[in-house]
Amino acid sequence: CSNLKKTTFQSSKIGTAFNNNFINISIDAEKGEGIALSRKYEVVAHPLMLVINPDGKVEKRISGYVNEGQLMKEVKGYLKK
């Protein structure tokens with residue numbers, strides 16, 4: 001979602017937390033390889049963020065627009081101490 005890119009993802013707190021704890025990718029679920037990934041991970045709404053473990057299992061789904069505080073709350077349990 002362009003709103004996430006313009007707001008939430010511009011936060012240095014989000015950038016630091018995500019860059020230190022996750023491998024981050026952005027995929028257009030309606031084009032190219034995104035179509036197959038969208039089917040595999042049962043994407044039914046946009047925007048959608050997935051926390052996927054090393055085995056490929058979805059651990060967390062975060063759907064819709066979220067601000068910095070909401071996003072940090074959603075991923076808190078996945079961040080290194």
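Coordinates for the structure precede this section.
Residues numbered from 1 in each chain as written. Predicted model: local features only at pLDDT ≥ 70, side-chain atom pairs only at ≥ 80, totals over all residues. Heavy atoms only, no water.

1. Structural notes on the packing of aromatic side chains
Part 1: Within the structure shown, the criterion is met by one aromatic pair.
Part 2: Ring centres of Phe-18 and Phe-22 lie 5.0 Å apart, and the angle between their planes is 50°; on these two criteria the pair is classed as tilted. (Phe/Tyr/Trp six-rings, centres within 6.5 Å; stacked < 30°, edge-to-face > 60°.)

2. Considerations on helix H2 (residues 12-21)
Residue pairs three or four apart in sequence face the same way in an α-helix, which turns once every 3.6 residues.
Part 1: Turning to H2, its buried residues number three or more, namely Ile-14, Ala-17 and Phe-18. The buried residues of H2 occupy one face: seen down the axis, they fall within an arc of 90°. Relative to its buried face, H2 has exposed residues pointing more than 90 degrees away, namely Ser-12 and Asn-19.
Part 2: Residues of H2 that are buried in the fold lie against helix H4 (68-75).
Part 3: Backbone nitrogen of Lys-13 and a side-chain oxygen of the N-cap are separated by 3.2 Å at the start of H2; the cap is Ser-11. (Buried < 20%, exposed > 50% of the residue type's maximum accessible area, 1.4 Å probe, protein only. Helix = DSSP H or I, 4+ residues; strand = E, 2+ residues; numbered from the N terminus. Arc of directions from axis to C-beta. Contact = heavy atoms within 4.5 Å. Polar contact = N/O pair within 3.5 Å; in protein donor to acceptor, adjacent residues only side chain to side chain.)

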